[in-house]
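# Survey of secondary and tertiary structure
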Amino acid sequence: MARAFPAPYGEAASVPLALQHGTLASGKAARQAVVDFLLEEDQLGPDQADGALGLQVPDYVPPGAEWQVEITGTDDSSGVECTLAALDGDGWSRDGSPYADGDDLLRVDLRVPRPGLYQLTVTAPYSPTTLTQLVFAGPDGAADGG
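This section reports on the structure supplied with the text. The structure displayed is predicted, hence computed values, not measured ones. (Residues numbered from 1 in each chain as written. Predicted model: local features only at pLDDT ≥ 70, side-chain atom pairs only at ≥ 80, totals over all residues. Heavy atoms only, no water.)

### Details of the packing of aromatic side chains
Applying the stated criterion across every chain, the model contains 2 aromatic pairs. Consider the rings of Tyr 60 and Phe 136, whose centres lie 5.8 Å apart with planes at 40 degrees: the pair is tilted. Linking Tyr 60 in strand β2 (residues 60-61) with Phe 136 in strand β9 (residues 131-137), this pair joins segments that are 76 residues apart in sequence. Here the aromatic rings of Trp 92 and Tyr 118 are separated by 5.6 Å at their centres, their planes lie at 80 degrees, and the arrangement is edge-to-face. (Phe/Tyr/Trp six-rings, centres within 6.5 Å; stacked < 30°, edge-to-face > 60°. Helix = DSSP H or I, 4+ residues; strand = E, 2+ residues; numbered from the N terminus.)

Here it is in structure tokens:
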């Protein structure tokens, strides 16, 4: 017998998770929310409390040019680690240094050496998950078709 998931009439229920991309599929909190739903438990996902970080990253950057990452949800850079790594297998990676820029916001200035696909990883001791985001680097002007 199927049990109705609590949601307003005519609307699909959703469970908000503070996860992105790969961490959504491999994150313990997401798996637990699915298991609880399938087992008809009343768990509606992890607590949505303060401490969850967000990440704003450009999808496309030109190699050699400086660009910025925004880390939202905090203005305290202590313990926040930011690493950018090439995904082509050559082992290139760089650590970024987050700095405060306004209320509840950190910025990191980064650059990549050559075209390719890169993964940005951000961790903090007070964040429930590791944030990851992919960035593509290509020739300058390719993003706008020029």
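### Some points on the sheet that holds β2
Sheet architecture is open: 5 strands sit in the order β2-β9-β8-β4-β5, paired in mixed fashion. The sheet is open, and its two edges are formed by β2 and β5 (93-96), each paired on a single side. Bridge count between strand β4 (residues 81-86) and strand β8 (residues 116-123): 6 bridges; the pairing is antiparallel. When the bridges of β8 are listed, Thr 83 appears paired with Thr 121. (Pairing = 2+ DSSP bridges.)

### A closer look at the pattern of salt bridges
Taken as a whole and assessed by the stated rule, the structure comprises 5 salt bridges. Put simply, Glu 70 and Arg 107 hold a salt bridge, and the shortest N to O gap is 2.7 Å. Within this pair, whereas Glu 70 is found in strand β3 (residues 67-72), its partner Arg 107 is found in strand β7 (residues 105-110), the two being separated by 37 residues in sequence. In this structure Arg 107 comes out as buried when scored by relative accessible area, which is 16%. In this structure, a network of salt bridges that share partners links the residues Glu 70, Asp 101 and Arg 107. (Salt bridge = Lys/Arg side-chain N within 4 Å of Asp/Glu carboxyl O. Buried < 20%, exposed > 50% of the residue type's maximum accessible area, 1.4 Å probe, protein only.)

### A look at the nonpolar core
One finds Leu 55, Trp 67, Val 69, Ile 71, Leu 84, Leu 120 and Val 122 to be the most contacted residues of the largest nonpolar core, which totals 23 residues. Filtering out sequence-adjacent residues up to four positions away, Leu 84 remains in contact with Trp 67, Trp 92, Ser 93, Arg 94, Leu 110, Arg 111, Val 112, Tyr 118, Gln 119 and Leu 120. (Core = buried A, V, L, I, M, F, W, Y, C linked by side-chain atoms within 4.5 Å. Contact = heavy atoms within 4.5 Å.)

### Notes on the environment of Leu 134
Its location among the elements puts Leu 134 in strand β9. The class for Leu 134 is partly exposed, based on a relative accessible area of 43%. If we skip the residues at most four places from it in the chain, Leu 134 touches Pro 58, Leu 87, Leu 117, Tyr 118 and Gln 119.

### Focus on the pairing of β8
Pairing of β8 with β9 involves 7 bridges; the strand directions are antiparallel. Within the sheet, the bridge partner assigned to Leu 117 lies in β9 and is Phe 136.

### A word on the environment of Thr 72
Counting through the fold element by element, Thr 72 comes out in strand β3. A sequence separation of 34 residues divides Thr 72 from Leu 106, and the C-alpha atoms of the two residues are 6.4 Å apart. If we ignore the near neighbours within four places in the chain, the residues touching Thr 72 are Ala 52, Leu 53, Gly 54, Leu 55, Asp 104 and Leu 105.

### Comments concerning the sheet that holds β7
Two orientations exist for strands paired in a sheet by backbone hydrogen bonds: parallel and antiparallel. Ordered by their spatial adjacency, 4 strands build an open sheet running β1-β3-β7-β6, and the pairing between neighbours is antiparallel. Bordering the open sheet on either side are β1 (54-56) and β6 (99-100), each of which pairs with just one other strand. With 3 bridges connecting them, β1 and β3 associate as antiparallel partners. Of the residues in β3, the one forming a bridge with Gln 56 is Glu 70.

### Considering the pairing of β7
Counting buried positions along β7 yields 5 of 6 residues, so the element is predominantly enclosed. Two elements, β3 and β7, share 6 bridges in a ladder whose sense is antiparallel. From the neighbouring strand, Val 69 faces β7, where its bridge partner is Val 108. Bridge count for β6 against β7 is 2 bridges, and the pairing is antiparallel. Across the sheet, Tyr 99 pairs through a bridge with Arg 107, a residue of β7.

Without other data, these values stay purely geometric and don't point to any function.
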